[in-house]
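Fold and geometry: a report
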Amino acid sequence: MKLTPLHDGFVAEASEIDISRPLSADEVAAIEAGMDQYAVLVFRDQPLTDETQQAFSRNFGELEQALIAQMSAATAQRLKSFEMADVSNLDANGNLRARDDNRRMYALGNRLWHADASFRATGAIYSLLSARVVPSRGGNTEFADMRAAYDALDEATKAQVGDLITEHSIAFSRAELGFAEYGPGNEDKVRPVRHSLVRTHPVTGRKSLYLSAHIGTIVGWPMPEARAFIRDLTEHATQRQFTHAHEWRVNDLVMWDNRTTMHRARRYRDLEEVRDLRRTTIRGTGLTAEQVPAMAAE
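Each value, and the rule that gives it
- Residues numbered from 1 in each chain as written.
- Predicted model: local features only at pLDDT ≥ 70, side-chain atom pairs only at ≥ 80, totals over all residues.
- Heavy atoms only, no water.
- Helix = DSSP H or I, 4+ residues; strand = E, 2+ residues; numbered from the N terminus.
- Rg over C-alpha atoms; globule rule 2.2 N^0.38 Å.
- Areas by Shrake-Rupley, 256 points an atom, 1.4 Å probe, with all protein chains shown as cover.
- Lys, Arg positive; Asp, Glu negative; His and termini not counted.
- Charge placed at Lys NZ, Arg CZ, Asp CG, Glu CD.
- Buried < 20%, exposed > 50% of the residue type's maximum accessible area, 1.4 Å probe, protein only.
- Arc of directions from axis to C-beta.
- Contact = heavy atoms within 4.5 Å.
- Phe/Tyr/Trp six-rings, centres within 6.5 Å; stacked < 30°, edge-to-face > 60°.
- Salt bridge = Lys/Arg side-chain N within 4 Å of Asp/Glu carboxyl O.
- Pairing = 2+ DSSP bridges.
- Axes fitted to C-alpha atoms, helices over the stretch in contact; angles between N-to-C directions.
- Core = buried A, V, L, I, M, F, W, Y, C linked by side-chain atoms within 4.5 Å.

Tallying secondary structure elements over the protein chain gives nine helices and 15 strands in all. Its C-alpha atoms give the protein chain a radius of gyration of 18 Å, near enough to 19 Å, the size a compact globule of 298 residues would have. Dimensions of the protein chain, computed from the C-alpha atoms along their principal axes, are close to 45 × 45 × 35 Å. Summed over its atoms, the accessible surface of the protein chain is roughly 13,500 Å², and 48% of this surface lies on carbon and sulfur atoms. Side chains of the protein chain give 36 positive and 42 negative charges; the mean places of these two sets differ by 3 Å.

Below you can see the structure in the form of structure tokens.
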């Protein structure tokens, strides 16, 4: 496998590898080493099925189930497996979603800067997003390097954030857009969980900010002050020098580390054109902060 840097030690294109076939232990180790170094890898020209995408993803850990699939009726699912997150604008029948469709409203939260599954107590390690159909323009995904953003903080701010604990919930991010329709029986899935605001990478030892639109407060802080501070940090962390925009092509697979990056989707004509992307996510394996009893991990 060959890695070609695309953005200052943050994003690289991986070539000379076919991820649709079973990989050797050395190939898996090379990908993991690339992720440790860059945090975002782009694999071009990789025509995948749901099954081959899941098989490739399982090289890196246990797959988690998509939250929206867990909270929705089976008849509302377009994809067969709950381990495949449907990042599209299509309903269960393959038609474009209406403007007021509830799942479209929910999915608009993807346009906010976030880390996948930070609303779970264990978070997520990698996300792997495969492009099956892309619109004629728009619909890029932007990434922000939380390692570089941490490095660029002044020493006083580094000292301030070092021991802070934040609370995350899917309800916090969706509330920013005025969405609150989760359906009965899903209260446990939107209950806040706690994470350290600063994380240390288990392999490189490099520190990064763990930011996300899912953050609703900082433990021990008044909520308005906490949200203003998180907004300031997010504005800092998403400055141009820390970000990269990926322009999708059919059969791209982009893999990123949720522990060291944030990302967001960009607008496109979703009421007119199909955008069919499918995501697998590697479940986190440990807690970054002690949970209170009502915040126990799933």
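The next point concerns helix H2 (residues 50-57). Residue pairs spaced three or four apart in an α-helix point in one direction, given the helix's 3.6 residues per turn. Looking at H2, one finds that the buried residues are Asp50, Gln53, Gln54, Phe56 and Ser57. Angular distribution of buried residues about the axis of H2 spans 160 degrees; they occupy a single face of the element. Along its buried surface, H2 packs onto helix H1 (25-38), strand E3 (40-43), strand E5 (124-133), strand E13 (253-257) and strand E15 (276-283).

With that settled, the discussion passes to unusual backbone geometry. The backbone of Asp8 sits at a positive phi, close to 35 degrees, despite the residue not being glycine. Topologically, Asp8 is positioned in the loop between strand E1 (2-7) and strand E2 (11-15). For Asp8, a relative accessible area of 71% translates into the label exposed. Unlike most non-glycine residues, Asp45 shows phi in positive territory, near 55 degrees. Of note, Asp45 is situated in the loop between E3 and H2. You can call Asp45 exposed: its relative accessible area is 58%.

This next bit is on the packing of aromatic side chains. One pair of aromatic rings is described through two measures. These are the centre distance and the angle between the planes. For the structure shown, the criterion picks out six aromatic pairs. When the centroid spacing of 6.0 Å and the interplanar angle of 75 degrees are considered together, the rings of Phe43 and Phe56 count as edge-to-face. Residue Phe43 is found in strand E3, and its partner Phe56 is found in helix H2; the two are separated by 13 residues along the sequence. Classification of Phe43 as buried rests on a relative accessible area of 0%. According to the relative accessible area criterion, Phe56 is buried, its value standing at 2%. With a centroid separation of 6.1 Å and 75 degrees between ring planes, the pair formed by Tyr106 and Phe179 is classed as edge-to-face.

Right, let's talk about the pattern of salt bridges for a bit. What the rule picks out here adds up to 22 salt bridges. Linking Arg132 and Asp50 is a salt bridge whose minimum nitrogen-to-oxygen distance equals 3.1 Å. Separated by 82 residues along the polypeptide, Arg132 in strand E5 and Asp50 in helix H2 bring together distant segments of the chain. The exposure class of Asp50 is buried, given its relative accessible area of 14%. A salt bridge links Arg279 to Asp116; the shortest N-O distance between them is 3.7 Å.

The three strands are arranged E8-E7-E11 in an open sheet whose pairing can be described as antiparallel. This sheet does not close on itself; its edge strands, each paired only once, are strand E8 (193-196) and strand E11 (215-218). Pairwise comparison of adjacent strand axes, ignoring direction, gives a mean angle of 35 degrees for this sheet. One ladder, built from three bridges, connects strand E7 (residues 165-168) with E11; its direction is antiparallel. Of the residues in E11, the one forming a bridge with Thr166 is Ile218.

Let us now look at the sheet that holds strand E14 (residues 261-265). Strand order across the open sheet formed by three strands is E12-E6-E14, with antiparallel pairing between neighbours. Each edge of the sheet is formed by a strand with only one pairing partner; in this case those strands are strand E12 (243-246) and E14. With strand direction ignored, the average angle separating the axes of adjacent strands in the sheet is 20 degrees. Direction of pairing for strand E6 (residues 141-145) relative to E12: antiparallel, over a ladder of four bridges. By the bridge assignment for E12, Glu142 is matched with Ala245.

Side chains of a nonpolar character, in soluble globular proteins, are inclined to be buried together. Core analysis: the biggest nonpolar cluster contains 22 residues, and Val161, Leu197, Leu209, Leu211 and Leu233 have the highest contact counts within it. Of all elements in the fold, only helix H5 (146-151), E11 and helix H9 (223-237) reach the threshold of two or more residues within this core. Here the element with the most residues in this core is H9; it accounts for five residues. In this structure Leu197 touches Val161, Leu164, Thr166, Ser208, Leu209, Tyr210, Leu211, Phe229, Ile230 and Leu233, once residues within four positions along its chain are discounted.

Just geometry here; none of it tells us what the structure is for.
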